[in-house]
Amino acid sequence: MTTKSRHPETVALHGGNFRTDIATNAVAVPIYQTTSYEFNSCEHASNLFALKELGNIYTRIMNPTNAVLEERVAALEGGMAAVALSSGQAASAFSIQNVAKAGDNIVCSTDIYGGTWNLFNNTLRALGIDVRFADPNNPDNFKKLTDNKTRAYYAETLANPKLNVFPIEEVANIGRKEGIPLIVDNTAAPIICKPFDYGAAVVIHSLTKWIGGHGTSVGGMIVDGGNFDWVAFPERQPFFNQPDNSYHGVLWGEAIPKIFGVQIAFAIRARVVLLRDLGSAIAPQNSFNLIQGLETLPLRLKQHNSNAEHVAGFLKDHEEVSRIIYPKFFDGRSKQNAKKYLDGEYGSMIGIELKKGVEGGKAFIDALKLHYHVANIGDARSLAIHPASTTHSQLTAEEQLKAGVTPGYIRLCVGLEHVEDIIEDLKIGLEASSKVAGSSSSKN
Ligand code: PLP
């Protein structure tokens, strides 16, 4: 670490080992656009391959530009090590493939991004990994679905469309008693939520969203909290306790703390086994772009969240809106979780149900001038989308409802424009929606 600070504003600029480029003293992180790195000698080469020495071999597995991004995101999350990947999807897939194989299972929250749902419900299942979905409103549901082949719990901090904050501590504690790590997708709540503080073992990110922040580059990250005992329940975690024949029979859970002094077996295995075998490496140019975003993330996030709070206040009692979904306005357990985990902020996504249902929703989206109609979140620009016909369209109607996607639901992702301009644009959409014939089909 070049800084001991835990303040995100400082960590985003100085976290990790990079101060200046060793070769040139350049202050901005250089783009190391290279595939390979020359070995100093045969001994050096063989030490690198045997993990006796850590160093660059080939960019599919390690790259100095990617390393700066990895170290900074790890520092920001309070983790011990991280692995950058080509996309958030690769990060969620790897996080499961790093613990589970055919015949194993994981328990996953029902409140997750539609793409993750597809990956888990179809692609992982086709590979023989059973994914059991648990309603997070009752953390005990995770326990109920657990058996001796359960290798991980998986959840999202602040999943749209419901925007319910996941009970991280409650579920992490259930898992830890059984040797089951909680993996948390913290894409929508960087900085404002620190899953490791509540017992999560692994955090993943789609860097594509707020961390990159400008809608230019796709990337993902796995962060290892270094806080999980992979050897305490050897039968629960075979990948970390049985010899890995692809790596000279190494026992990852035992070997890694000896080599590195910290238990970062999850990150190391993801890098040297999964990146080696499956690829999904991030391009150094994309890491560079994402580092630019990361450097201003703390500042941008405050503005995103503050704009969203104003927009939510405007929409809350609007006559065309039958329901608003925004953590500040929740009751009961949802409110308590938002308060406990989000550090006094509420993120920058808002859901609204328009009184005129599906047709009202379409008219609203088509009328917007400033907002972009895109399948993305966490851009500097304000975004709007109708999930039922786009992001969640590959789910069945029943699955959509389970995920909280009602037919007339609109997701707003509030950007960095002046908030008065954002609200003016929403007024245009609401006006168009009001002109649609018929009454509410989705009032609750
Ligand atoms: N996780 C969440 C919460 C997301 O919203 C997304 C994408 O929208 C992903 C993961 C997947 O990330 P990527 O698009 O970078 O593959």
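Calculation notes
Residues numbered from 1 in each chain as written. Predicted model: local features only at pLDDT ≥ 70, side-chain atom pairs only at ≥ 80, totals over all residues. Heavy atoms only, no water. Near = heavy atom within 4 Å. Polar contact = N/O pair within 3.5 Å; in protein donor to acceptor, adjacent residues only side chain to side chain. Areas by Shrake-Rupley, 256 points an atom, 1.4 Å probe, with all protein chains shown as cover. Nonpolar A, V, L, I, M, F, W, Y, C, P; charged D, E, K, R; others polar. Buried < 20%, exposed > 50% of the residue type's maximum accessible area, 1.4 Å probe, protein only. Helix = DSSP H or I, 4+ residues; strand = E, 2+ residues; numbered from the N terminus. Pairing = 2+ DSSP bridges. Domains from an automatic or database assignment. Contact = heavy atoms within 4.5 Å. Buried area = accessible area lost by both parts, 1.4 Å probe. Arc of directions from axis to C-beta. Salt bridge = Lys/Arg side-chain N within 4 Å of Asp/Glu carboxyl O. Disulfide = S-S within 2.5 Å.

**What about the site of the ligand?**
(1) Moving on: Taken together, 13 residues sit near the ligand, with Gly88, Gln89, Asp185, Ser206 and Thr208 positioned nearest.
(2) Moving on: Backbone polar atom of Gln89 to an oxygen atom of the ligand: 2.9 Å apart, as the coordinates give it.
(3) Moving on: Contacts to the ligand include Asp185, whose side-chain N or O atom sits 2.6 Å from a nitrogen atom.
(4) Moving on: About the coverage of the ligand: the protein hides 91% of its 390 Å² of free accessible area.
(5) Moving on: Of the residues contributing to the shell around the ligand, the split by class is 3 nonpolar, 7 polar and 3 charged.

**Things to note about the pairing of strand β7 (residues 220-224)**
(1) Moving on: Of all 5 residues in β7, 5 are buried, a share of seventy percent or more.
(2) Moving on: On β7, burial covers both faces: Gly220, Ile222 and Asp224 on one face and Met221 and Val223 on the other are all buried.
(3) Moving on: Strand direction decides the pairing type here: strand β1 (residues 81-85) and β7, joined by 5 bridges, are antiparallel. Bridging from a neighbouring strand, Ala82 pairs with Val223 of β7.
(4) Moving on: Inspection of the sheet shows strand β6 (residues 202-206) paired to β7 by 5 bridges, in the antiparallel sense. Directly across from Val203, in β7, lies its bridge partner Val223.

**Quick word on the domain arrangement of the chain**
(1) Moving on: Domain boundaries assigned for the chain yield domain 1 (8-285) and domain 2 (299-434).
(2) Moving on: Measuring from the centre of the C-alpha atoms in domain 1 to the corresponding centre in domain 2 gives 29 Å.
(3) Moving on: Across the boundary between the two partners, domain 1 contributes 36 residues, which contact 41 residues of domain 2.
(4) Moving on: For the pair domain 1 and domain 2, the summed buried area comes to about 3200 Å², and 57% of that belongs to carbon and sulfur atoms.
(5) Moving on: When the area that domain 1 buries against domain 2 is broken down by residue, the three leading residues are Pro161, Ile192 and Trp210, summing to 24%.

**Let's talk about the side chain of Asp379**
(1) Moving on: Positionally, Asp379 belongs in the loop between β10 (372-373) and β11 (383-385).
(2) Moving on: The buried category is assigned to Asp379, whose relative accessible area is 9%.
(3) Moving on: Polar contacts involving the side chain of Asp379 include one to the side chain of Arg381, which spans 2.9 Å.
(4) Moving on: Beyond its immediate sequence surroundings of up to four residues, Asp379 is in contact with Gly213, His214, Gly215, His304 and Gly415.

**Considerations on helix α13 (residues 357-367)**
An α-helical turn contains 3.6 residues, so a residue and the one three or four places further along point in the same direction.
(1) Moving on: Within α13 the residues assigned to the buried category are Gly357, Gly360, Gly361, Phe364, Ile365 and Ala367. What you see down the axis of α13 is that its buried residues fit within an arc of 170°, all on one side.
(2) Moving on: Contacts from the buried residues of α13 go to β9 (349-354), β10, β11, β12 (409-413) and α15 (419-434).

**Focus on the pattern of salt bridges**
Opposite charge on two side chains permits them to pair, given that their charged atoms come into close proximity.
(1) Moving on: Under the defined criterion, the tally for this structure stands at 20 salt bridges.
(2) Moving on: A salt bridge links Asp104 to Lys101; the nearest nitrogen and oxygen atoms lie 3.8 Å apart.
(3) Moving on: Residue Lys101 is classed as partly exposed on the basis of its relative accessible area of 38%.
(4) Moving on: A salt bridge links Glu431 to Lys435; its shortest N-O distance comes to 3.0 Å.
(5) Moving on: Since its relative accessible area comes to 44%, Glu431 is described here as partly exposed.
(6) Moving on: Looking at Lys435, the relative accessible area reads 62%, which means it is exposed.
(7) Moving on: Taken together, the shared-partner salt bridges connect Arg125, Asp130, Arg132 and Asp147 into one network.

**Comments concerning the state of the cysteines**
(1) Moving on: Under the counting rule described, the total for this entry stands at 0 disulfides.
(2) Moving on: The structure places no disulfide on Cys193, whose sulfur is separated from the nearest cysteine sulfur, that of Cys108, by 17 Å.
(3) Moving on: In this model Cys413 remains outside any disulfide bridge; the closest cysteine sulfur is found in Cys193, 17 Å from its own.
(4) Moving on: Here Cys413 falls in the buried class, since its relative accessible area comes to 2%.

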